[in-house]
Amino acid sequence: MSTLAPVVRHLEQQVANNQLAAWVRIWVWCQANADDHGHARAYTGELRRLLDTNAREVSRAIRLARERGVIDPCSTAACLVLPGHAIAPCDAHHRGAA
Ligand SMILES: [Zn+2]
């Protein structure tokens, strides 16, 4: 078992924690799921199910996380990107570089 397992478990608990603002849960999910290049791919509807909300609220949460600088401006519902990892290889659709 990875020594990171408890950390990942806590992150997953926080993603499910509806006491937290949606943009925080999006950010935490990105940290828990980002690959070695800092990209966290999401299946269609995955973030909506995760947050138990609608697509509009997911878009709003992603926008707020982008505005706060905790995810890269290129992030979309298809792929959330940790700050500074926009140029990493990824075939998901991203917003144009800011
Ligand atoms: Zn990506």
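Look up a bit, the structure's there.
Here the structure is a predicted model, which is why all the values come from computation and not from measurement.

How would you sum up the overall build of the protein? Please name residues and give values.
Assigned secondary structure in the protein consists of four helices and two strands. When the helices and strands of the protein are listed from N to C terminus, the series reads α-α-β-α-α-β. For the protein, the C-alpha radius of gyration of 13 Å lies close to 13 Å, the compact-globule estimate for 98 residues. In terms of overall dimensions, the protein has C-alpha extents of about 35 × 30 × 25 Å along its principal axes. Out of the 98 residues belonging to the protein, those deemed buried represent 29%. In the protein, the proportion of contacts linking residues at least 24 apart, taken out of those at least 6 apart, comes to 43%.

With reference to specific residues and values, describe the packing of helix α1 (residues 5-15) against helix α2 (residues 22-33).
Helix packing geometry: the angle between the two helix axes and the distance between the axes. Here α1 crosses α2 at 155°, and the two axes come no closer than 8 Å. Between α1 and α2, the angle is such that the two are roughly antiparallel. The hand of the α1/α2 crossing is left-handed. On α2, the residues that touch Val8, Leu11, Glu12, Gln14 and Val15 of α1 are Arg25, Val28, Trp29, Gln31 and Ala32.

An account of the environment of Ile26 is requested, with residue identities and associated values reported.
For Ile26, the position within the fold is in helix α2. Spatially, the C-alpha atoms of Ile26 and Leu47 are 7.7 Å apart, while their sequence positions differ by 21 residues.

Describe α2, listing the residues and the values that go with them.
Here α2 is twelve residues long and its end C-alpha atoms lie 16 Å apart, about the 16 Å a rise of 1.5 Å per residue gives. Those residues of α2 hidden inside the fold are in contact with α1, β1 (39-41), α3 (46-51), α4 (55-67) and β2 (79-81).

Analysis parameters
- Residues numbered from 1 in each chain as written.
- Predicted model: local features only at pLDDT ≥ 70, side-chain atom pairs only at ≥ 80, totals over all residues.
- Helix = DSSP H or I, 4+ residues; strand = E, 2+ residues; numbered from the N terminus.
- Rg over C-alpha atoms; globule rule 2.2 N^0.38 Å.
- Buried ≥ 20, exposed ≤ 12 C-beta atoms within 10 Å, placed from the backbone.
- Contact = placed C-beta atoms within 7 Å.
- Axes fitted to C-alpha atoms, helices over the stretch in contact; angles between N-to-C directions.
- Parallel < 35°, antiparallel > 145°, perpendicular 65-115°, else oblique.
- Left-handed = near helix turned anticlockwise from the far one by under 90°.
- Expected span 1.5 Å × (residues − 1).

Everything listed is a geometric property; what it means functionally is a separate question.
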